[in-house]
Structure formats: structure tokens, C-alpha cells
Amino acid sequence: MSLSAAQAAPTAATSPERVERIRAAAYRIRHHALNMGEVQGQGYVGQALGAADMLAAVYADQLTYRIEDPHWEGRDRFLLSTGHYAIGHYAALAEAGIVPVDELETYGSDDSRLPMSGMSTYTPGMEISGGSLGHGLTIAVGMALGLRAQGSASRVINFLSDGELDEGSTWEAAMGAHHHQLGNLTAMVDINALQADGATNTVLRTEPVTEKWESFGWYTQRVDGNDVGALLAAFDNIASVAAPVGRPSVILCDTKVGRGVPLLETREKAHFMRIEEHEWQICREQLTAGYEGTATA
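Attention in this report is confined to the structure presented alongside it. (Residues numbered from 1 in each chain as written. Predicted model: local features only at pLDDT ≥ 70, side-chain atom pairs only at ≥ 80, totals over all residues. Heavy atoms only, no water.)

1. Notes on the overall build of the chain
Looking only at helices and strands, one finds 10 helices and 10 strands in the chain. Along the first, second and third principal axes, the C-alpha set of the chain runs to 50 × 40 × 40 Å. Looking at the chain as a whole, 53% of its 297 residues are labelled buried. A separation of at least 24 residues holds for 77% of the contacts in the chain among residues at least 6 apart in sequence. Computed over 21 positive and 37 negative side-chain charges, the separation of the two mean positions in the chain equals 4 Å. (Helix = DSSP H or I, 4+ residues; strand = E, 2+ residues; numbered from the N terminus. Buried < 20%, exposed > 50% of the residue type's maximum accessible area, 1.4 Å probe, protein only. Contact = heavy atoms within 4.5 Å. Lys, Arg positive; Asp, Glu negative; His and termini not counted. Charge placed at Lys NZ, Arg CZ, Asp CG, Glu CD.)

Put into C-alpha cells, the structure is as follows:
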């Protein structure tokens, strides 16, 4: 069964207060990402901005964790398969209180706990090390199996990119998750239509991607990944069908690289952005103007 973006629209449970709380968290995550990007003058800022609503929905609404104990056994696991999205993940960890906001200034610096690609050995709250794509869902399947065997109620949420759907290992893991009926596993796919070698559909066409996940037996929803209400409704739908033994779930999230900052939304070379020194403050001003304008509309 799949749900279209329209079917996964906000419900009564997605109250205006809940939506605004997550929107505010996403705004702060974007702001943190811009500040970190300025440290290096470049980076995967566009992906962080595009995925901020997804990360905010996870950390400010879905995950169970303890700020003071990132290794608490009862925590939900969030796996960042796309290691180069670490700048966005660090921003979300700071928003969650797991990483001090002041520490974000060390991003990408020597001896920092916040390297440019995610490393679980360095960063509190970083469950796996990223780098080569296509491994995250495989690890998530093993984690979900292990947690269920232990009788744990913890969930596993795996964040993937649409570029990772080029990898055969992703589909092997998807098949294994259904075979083992991992109802405690949710995948989130950031479909921003861009990867290092160009537009995703020119590198390797993966559409119709919704039907593919359905055919692998997953509970499938496709939503606007920059629509907080739709994201929350999708998670609510998953909660309504969740079971320790049952279908795994996937939320396919259509997002826009650079979301919230018009200057960056229109950049032609957006996978790895180089941003001029004078542009960072313009980006922050555009982000704040857009957020406040929407909030007061």
C-alpha cells in the first residue's frame, strides 16, 4: 500500500502548534548549517538545507533518546547513510542538545568531533560512519533484527539519498527487511534529484520509485519533504500500522536543494557548494525573512 502526498496530508493530530514547533526547529537547523558552512566557505550546505525539515521531524518529534547518554540502550537509532550530509546531522544534534551549539564552530577543523563526513567514533549521537553510499540500509536491517531479538521496543530510522538507490546493496537490504518483517525499521529517502555526477535521472533513472519500494513489500508513502505537516502525517500513518513483526516502512521525500535560501536554491552547481564570503550573511537574511514571512502569513 502506498499513500500519495495528498493522502498523507496533515491530519487532526498534526496540530498547528506541533507543525510550528517542527518548522521552528528546521529553521534553526538551517541556520546552524549556514554557520558551519561559513567556517569552511563551502560544503554540502544545499543538502543540509533541503533535508532540514526531515531532520527536524525526526529529532524534534519522533526519536526517543537521552541527551546526557547518547549510548543509552533504550534509544531509537537514527542512521545517516549519506555521510556527506553530516553538516545537517550535526545541526540536528545541536538542536536536540546532544552536541553543544558552540562546538559547531569547529566543523571540519583539525581535531574536531565534527568531521566533514560523519564518523561514529568522533561524534556523540552519530550511530554509523558514512562515506561510500549504499551501506546504511544494510546496517539498519542488522540493527533492527538485533533489537527485535533482544525484545527491545526501539526503532531504527535510516536516512538515505536518492543517489543511493543506484546501489544494488540498497535493494538487497530492502528485500531482506521485508523477508524478516522488520516492522521496527523506517527508511527516509531524500529525493532532491541531484547527485555528484549530475541530475539523478540522467545518472541512473530510478523512477517509478514508489512502485519499486511497494514491490519490495514496504509500506510506502511519498510526500513533499519540505512540508512539515505532510512529514508528520506520514510518521503518524506509520505509527498506526507499526508492529514488531510487520512490513518495514519508507517515506520518500521530494525536497529542494538549498531550500529556504533563494540564493542557493537556484545555484547550478549545488551538490558541493562554494559560497562567496559576502554571500553568507545574505543567505542568513533570506532564510530568516522566508521563515518569518511564512510564520506570519
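Back to the text.
2. Thoughts on the pattern of salt bridges
This model, assessed by the stated rule, comprises 13 salt bridges. Notably, a salt bridge pairs Asp236 with Arg18, separated by 2.9 Å at the nearest N-O pair. With Asp236 in helix H8 (residues 228-241) and Arg18 in helix H1 (residues 16-40), the pair connects residues that are 218 residues apart, well separated along the chain. The exposure class assigned to Asp236 is partly exposed, which follows from its relative accessible area of 21%. Taking the shortest distance from any N to any O, the salt bridge between Glu73 and Arg77 comes out at 3.7 Å. For Arg77, a relative accessible area of 6% corresponds to the buried category. Overlapping salt bridges, with partners in common, bring together Arg18, Arg21, Asp61 and Asp236 in one network. (Salt bridge = Lys/Arg side-chain N within 4 Å of Asp/Glu carboxyl O.)

3. Some points on the environment of Pro262
Mapped onto the fold, Pro262 is located in helix H9 (residues 262-265). Sequence-wise, Pro262 and Ala91 are 171 residues apart; in three dimensions their C-alpha atoms are separated by 20 Å.

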